[in-house]
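# Notes for the structure review
Residues per chain, in single letters:
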Amino acid sequence: MRSLLVAVIAAACCLAFAAPALAGGDFPQVYVKSDYVVKDREKLGKTGEGIVHCEYVFPRDKALADQAIKEIAWLTLPPGASIGVHGHTDNEDAYIVISGNGVFIGGDGKEIPVKAGDTTIARKGESHGMKNTGTVPMVILDVIAQQ
């Protein structure tokens, strides 16, 4: 009887702590890799070169109007591939370089070398792009936010 009581209390505690997470429905706090939306995209940023492997943790079409983070994606640029220079009129975009190296391209066309550990941000009204100039794939974590 005691073990049944312990099991019932444990189940009730699990439900009590899990309910808020379950109530989130389509908006969990943890996104597992097996659920990412995977696409290989050409001409990323409209003028990019090569094929960029995209793993969307949280695709843009899933965000609600009141959510600041609109998209999170892992982007893998093979050597020579690029994300074309493109503008951000109503949102901001951060690239966090996880591995590899390349150049960040600002809206003015200026190229700045970047490597693993570097972060770039295009604020509202700014343009940016990225190119892998290295010999190994460049992995970037891309986070788009909007107020």
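Our structure is the block above this text.
Summary of the structure given here. Computed from a predicted model, the values in this text were never measured in an experiment.

Unusually for a residue other than glycine, lysine 43 sits at a positive phi of about 55°. Within the fold, lysine 43 resides in the loop between strand 1 (37-42) and strand 2 (51-58). One non-glycine residue, lysine 46, lies in positive phi territory at about 75°. Position of lysine 46 relative to the elements: it lies in the loop between strand 1 and strand 2.

This next bit is on the nonpolar core. Ranked by size, the top nonpolar core spans 16 residues in total, and within it Leu75, Leu77, Ile83, Met130, Met138 and Ile140 carry the most contacts. Every element with two or more residues in this core is listed here: strand 2, strand 3 (69-77), strand 5 (92-99) and strand 10 (138-145). Isoleucine 140 has contacts with Ala73, Trp74, Leu75, Leu77, Ile83, Tyr95, Ile96, Ile98 and Met130, leaving out every residue within four places of it along the chain.

With that settled, the discussion passes to the sheet that holds strand 7 (residues 111-115). Strand order across the open sheet formed by 4 strands is 4-9-6-7, with antiparallel pairing between neighbours. Bordering the open sheet on either side are strand 4 (82-87) and strand 7, each of which pairs with just one other strand. Taken over all neighbouring pairs, the strand axes of this sheet differ in orientation by 20° on average, direction set aside.

Position of proline 79 relative to the elements: it lies in the loop between strand 3 and strand 4. Residue class for proline 79 comes out partly exposed when judged on its relative accessible area of 43%. Considered as a pair, proline 79 and glycine 50 are 29 residues apart in the sequence and their alpha carbons are 9.0 Å apart. Ignoring anything within four residues of it in the chain, the contact list for proline 79 reads Asn132, Gly134, Thr135, Val136 and Pro137.

Definitions and cut-offs
- Residues numbered from 1 in each chain as written.
- Predicted model: local features only at pLDDT ≥ 70, side-chain atom pairs only at ≥ 80, totals over all residues.
- Heavy atoms only, no water.
- Helix = DSSP H or I, 4+ residues; strand = E, 2+ residues; numbered from the N terminus.
- Core = buried A, V, L, I, M, F, W, Y, C linked by side-chain atoms within 4.5 Å.
- Buried < 20%, exposed > 50% of the residue type's maximum accessible area, 1.4 Å probe, protein only.
- Contact = heavy atoms within 4.5 Å.
- Pairing = 2+ DSSP bridges.
- Axes fitted to C-alpha atoms, helices over the stretch in contact; angles between N-to-C directions.

All quantities given are derived from atomic positions and should not be read as evidence of function.
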